[in-house]
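Each chain, written out:
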Amino acid sequence: MSQQVTINSVTANTPVEIYYCDSMSASCVYVATVSVFPYTFEVGSPYDTEDIVIKIIDTQSCVDGQIIYITPTNTPTNTKTPTPTKTTTPTHTATSTNTPSVTPTYTPTPTYTPTNTSTPTATPVVAYHLIGNNLSVSSASTCSNTVTATNYYTYISEANLTPVIGATVYKTLVNGVLYNPFNGGNHYILMQWGTYYYVTKINASGKIVDYQLCTNLITPTITSTPTMTPSTTPF
């Protein structure tokens, strides 16, 4: 029969992934991703007949485990009633009724208390970029757009202080994870990258396909300095 396990609480970065494994942690079964505790689940066959390991993985990839010891259920053994030997004196032979001894099934309820769990120092993985107030079909006037207080995001591993062709721009950041790629529709938008502003062209999948540094869009005016040619006056 299956075993019921209840996790009363965890000390980790939720939500956490819950698994149960065999006693050597060689084979594991995914249970659920959980944020609210206590949480109860069933451990099915064949894991319910031996000691198991409950494994917890939090959002920072910290892993901890707890061994749950399973007490097997004893199966009652029927004892055969011996046949009495007849004698000349009639005797009354009572047939005993076997009463099986039932051992109750123990369902352990572990209290999950991680040991020596340090709170890791989060390493930034996401870059923030302020954006302009307009989405333009041309890059010509995009540098003059007004910068808003709205941020779009990229993973630092793809693009950080400058745009990178092929990097994905996202609109939503939740617990260090980026969602909702920005549908730029091959239009241009003003974005802050590090300490500079770039006109960034983004396609419908949210990927950067072109970019220009705003100062590069200004065409300098060249003023010619005349060269003086000395004239020779004969004596």
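Conventions we followed
- Per-chain numbering applies: the sequence of each chain, read as written, is numbered from 1 onward.
- With pLDDT at 70 or above as the cut-off, local features in this predicted model cover only qualifying residues; side-chain atom pairs require 80 or more to be listed or tallied, and sums for whole chains, interfaces and linings still use all residues.
- Side-chain metrics in this entry use all non-hydrogen atoms of the structure; hydrogen atoms and water are not considered.
- Only centres within 6.5 Å qualify two rings of Phe, Tyr or Trp (six-membered ring in Trp) as a pair; their planes then separate them into stacked at under 30 degrees, edge-to-face at over 60, and tilted for everything else.
- Helix and strand assignments come from DSSP, with helices taken as H or I runs of at least 4 residues and strands as E runs of at least 2, each series counted from the N terminus.
- Here the term buried applies to any residue with accessible area under 20% of the maximum for its type, exposed to any over 50%, and partly exposed to those in between, with areas from a 1.4 Å probe on protein chains only.
- When DSSP finds two or more bridges between two strands, those strands count as paired.
- Note that a disulfide, as used here, is simply two cysteine sulfur atoms within 2.5 Å.
- The definition of a nonpolar core used throughout is a set of buried Ala, Val, Leu, Ile, Met, Phe, Trp, Tyr and Cys residues joined through side-chain atoms within 4.5 Å.
- Only heavy atoms enter the contact rule, under which two residues are in contact if any of them lie within 4.5 Å.

J.: Honestly, the packing of aromatic side chains in this entry has me stumped. Any pointers?
T.: Pairs of aromatic rings are described using the distance from one ring centre to the other and the angle between the two planes. Summed over the entire model, instances satisfying the criterion amount to 8 aromatic pairs. When the centroid spacing of 5.2 Å and the interplanar angle of 80° are considered together, the rings of Tyr-128 and Tyr-153 count as edge-to-face. Linking Tyr-128 in strand S7 (residues 126–136) with Tyr-153 in strand S8 (residues 147–155), this pair joins segments that are 25 residues apart in sequence. For Tyr-153, a relative accessible area of 13% gives the class buried. Ring pairs connect the aromatic residues Tyr-20, Tyr-39, Phe-41 and Tyr-47, which therefore count as one cluster.

J.: Sorry, what's going on with the pairing of strand S11 (residues 187–193) here?
T.: It is a general feature of regular strands that their side chains alternate between the two faces of the sheet. Most of S11 is tucked away, with 5 of its 7 residues classed as buried. Turn length for the S11-strand S12 (residues 196–202) hairpin, with the two strands adjacent in sequence and antiparallel, is 2 residues, and the turn residue Gly-194 shows positive phi of about 65°.

J.: It is not clear to me how the state of the cysteines should be interpreted in this structure. Could you clarify?
T.: Cysteine pairs can be linked by a disulfide, which is a covalent bond between their two sulfur atoms. Evaluated as defined, the whole model comprises 2 disulfides. With a sulfur-sulfur separation of 2.0 Å, Cys-21 is cross-linked through a disulfide to Cys-28. An S-S torsion of about 105° defines the bridge between Cys-21 and Cys-28 as right-handed. With a sulfur-sulfur separation of 2.0 Å, Cys-143 is cross-linked through a disulfide to Cys-214. Judged by the sign of its S-S torsion, about -110°, the bond between Cys-143 and Cys-214 is left-handed.

J.: How do you make sense of the nonpolar core when you look at a structure like this?
T.: Taken as a class, soluble globular proteins show a tendency for nonpolar side chains to be buried jointly. If you look at the biggest cluster of nonpolar residues, it comprises 17 residues, and the most contacted ones within it are Ile-7, Ile-18, Phe-37, Phe-41, Val-43 and Ile-54. Every element with two or more residues in this core is listed here: strand S1 (3–7), strand S2 (16–22), strand S3 (28–34), strand S4 (39–43) and strand S5 (52–57). In this view, Val-43 contacts Ser-2, Gln-3, Val-5, Tyr-20, Asp-48 and Ile-52; residues no more than four positions away in its chain are not counted. Membership of the second largest hydrophobic core comes to 13 residues, among which are Ile-131, Ala-159, Ala-167 and Trp-193.

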